[in-house]
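# Close look at the chain arrangement
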Amino acid sequence: MDLTASTNTLNFGNVGVLTRSAPLSVTLTNVSNVPIALTSISIGGVADYADFAQRNNCPNVLLANATCTVQIVFTPTRLLKSTGSVLLVRFTTADSPLTVSLLGNGVKSANNAVPYITQPLVPATMVPGASTTPSLQISGTGFTSHSVVRWNGKNRATTFVSKRALTAALLASDVSSSTTAAVTVANPTPGGGVSNAVFLPVTSSTPLSVSRQDWPVGNNPSALVAADFNQDGNVDLAVANTGLNTVSILLGNGDGTFPSGATLNTGDSPSAIAAGDFNGDGRVDLIVANTADSTLTIFTGDGKGGFTPAPLISAIGATDVVSIVVADFDGDGRLDLAVANQSVSTISIFLGNGDATFRITSTPALKLNRPSAISVGDFNGDGVPDLAIANRAGNTITIAQGRGDGTFTGLGGTIITGAAPASIGIADFNGDGFQDLAVANKGSNSISIFPGNGNGTFKNAISYSAGAAPNAIAIGDLNGDGFLDLVTANGGSDSISVLLGTGGGSFQAQTIFSTNSGPQSLVIADFNRNGKLDVAVPDSAVSSVSVLSQ
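Now for a look at the structure at hand.

Cut-offs applied
- Residues numbered from 1 in each chain as written.
- Predicted model: local features only at pLDDT ≥ 70, side-chain atom pairs only at ≥ 80, totals over all residues.
- Heavy atoms only, no water.
- Core = buried A, V, L, I, M, F, W, Y, C linked by side-chain atoms within 4.5 Å.
- Buried < 20%, exposed > 50% of the residue type's maximum accessible area, 1.4 Å probe, protein only.
- Helix = DSSP H or I, 4+ residues; strand = E, 2+ residues; numbered from the N terminus.
- Contact = heavy atoms within 4.5 Å.
- Pairing = 2+ DSSP bridges.
- Axes fitted to C-alpha atoms, helices over the stretch in contact; angles between N-to-C directions.
- Disulfide = S-S within 2.5 Å.
- Salt bridge = Lys/Arg side-chain N within 4 Å of Asp/Glu carboxyl O.

It is worth spelling out the nonpolar core at this point. Grouped together as the largest cluster of nonpolar side chains are 24 residues, with contacts concentrated most on Leu3, Leu28, Leu38, Ile72, Leu87 and Val89. If you list the elements that add at least two residues to this core, you get strand 2 (9–16), strand 3 (24–30), strand 4 (36–44), strand 7 (67–74), strand 8 (80–91) and strand 9 (98–107). Not counting residues within four places of it along the chain, the set of residues in contact with Leu38 comprises Leu3, Cys58, Pro59, Asn60, Leu62, Cys68, Val89, Arg90 and Phe91. Counting 20 residues, the second largest nonpolar core, distinct from the first, contains Ala274, Ile287, Leu296 and Ala318.

Next comes the structure, spelled out in structure tokens:
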């Protein structure tokens, strides 16, 4: 052999997924008496060779008895044992090529997770003017001993209870007057990040009364998401316009009004939208599922209300995407996606790279039947995000239990619902510490409440009447009495139904409020900053958003 390597094998051992290893080196030596032309130095293999990268200081011609060095790093993109990759050095003698085996194991990242808050906060509402320093209990997933609860972005003294529970000491000034706070949890680096926001009203209990104002958007609006896009403390809206292939940005003034903002171009027939910080810059980004061309559109936020489109994601293995949720499913500090593919009866998991790009990693082996919605919770109390999937044609909910590595199992089984379940809300309605389900059944004009057992299973349903064809359901304490309430968007009766909670997991009969024509989904937030939660729904038949303010 005219050209030799200092080792036949480089073993990188265990490296966290999406974590770059320390470099390992190979020294190449020309042991002949004549120069050798090096024609190429590359990484090859069967499947995962792209997880390795090399750089070198080798010349085009390596002189007799001379040496050069190749440095290699390993960045696994998934949990794997990589054994089929090699460093290939090609040169101009009969002994070419020279190979060095590359080994390594992709393991669960040691990063902190992006936390996720589940409802309710305890208490779910606070009365203004408290005489003592109030305390807040937060439940969710991915908490660490270094997690910090934030009140409108400001850190509050936090006590770690478990990876599922935190308590926070608030300031008297936090609840001195009527307001609504955005409560989040932040985990430190490595990894880490800020959780989803849960709105906590500071208000006195009052009878429910709303006034409606409609705001123009694009053609056939079907989905929307609420967040603070320009970091001014007011809640904004992003509305997916299915008929126009756009997203309308409505920047809130904080008084319940919304001047028109930017219009973003999407793929074909955007039907679902979600928000999160996908590139770790502390600003809200958007992701849109485009049903007709099976793509996902990412928009990175600038923190001023503007958005820039990232490269379109081809949803490989996904077709007719109708629902999307955001959470850190593999606990690596990067937000991931789960999407429901209605026409092929699957879900797809996209793991985040932390730079607003994603990679499809699995299609869990679940028995689904035209899934219409997907939601995140922790149903078995292990501190790992699980999924609940509504099967429109099967009249069931499938529970997919998370393993904490971005994969899911169907061990949670299925639950029988009303006809054509269309949306799932998740919260602990009866105060037993277990997550429950609230399902809007579009085909039977009803809501099914399934109390959780805390082990991934659920008790039999308690049913309530809703308006005609409830398309969506959302959860919040609208009347400020400390109990979570339910709201549905009723596409068949141009209305929302509000079912006020009475405690213990029970609800009053519905109260109906009119919207414009064809409400498709809804969000709950305090748009006028008076401490009372409001409702916004997209009116698909008249190209507007109805805001019902208290």
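Once the structure has been displayed, the description carries forward.
If you trace the four strands from one edge of the open sheet to the other, you get 18-49-48-47, paired in antiparallel fashion. The sheet terminates laterally at strand 18 (211–216) and strand 47 (523–525), the two strands that pair on one side only. Across this sheet, the average inter-strand angle for adjacent strands is 25°, counted without regard to direction. Sheet analysis places strand 48 (residues 534–539) next to strand 49 (residues 544–549), joined by five bridges and oriented antiparallel. The partner of Asp539 across the bridge, within strand 49, is Ser544.

Using the criterion set out here, one finds one disulfide in the structure. The disulfide bridge from Cys58 ends at Cys68, spanning 2.1 Å between sulfur atoms. When the S-S torsion is 85°, as for the bridge of Cys58 with Cys68, the disulfide is right-handed. Of this pair, Cys58 sits in the loop between strand 5 (52–56) and strand 6 (61–62) while Cys68 sits in strand 7, and the two are 10 residues apart along the sequence.

Turning our attention to the pattern of salt bridges. Inspection of every chain in the model, using the stated rule, returns five salt bridges. For Asp174, the salt bridge identified is with Arg156, shortest N-O distance 2.9 Å. Of this pair, Asp174 sits in the loop between strand 14 (165–169) and strand 15 (179–187) while Arg156 sits in strand 13 (residues 154–162), placing them 18 residues apart in sequence. Between Arg212 and Asp214 there is a salt bridge; the shortest N-O distance is 3.0 Å. The class for Arg212 is partly exposed, based on a relative accessible area of 40%.

Taken in spatial order, the four strands line up as 1-3-7-5 in an open sheet, and their pairing is antiparallel. The two strands at the open ends of the sheet, each matched to only one other strand, are strand 1 (3–5) and strand 5. Direction aside, neighbouring strands of the sheet carry axes that sit 25° apart on average. Sheet topology places strand 5 next to strand 7; five bridges connect them, and they run antiparallel. Residue pairing for strand 7: Ala53 is matched across the bridge by Val73.

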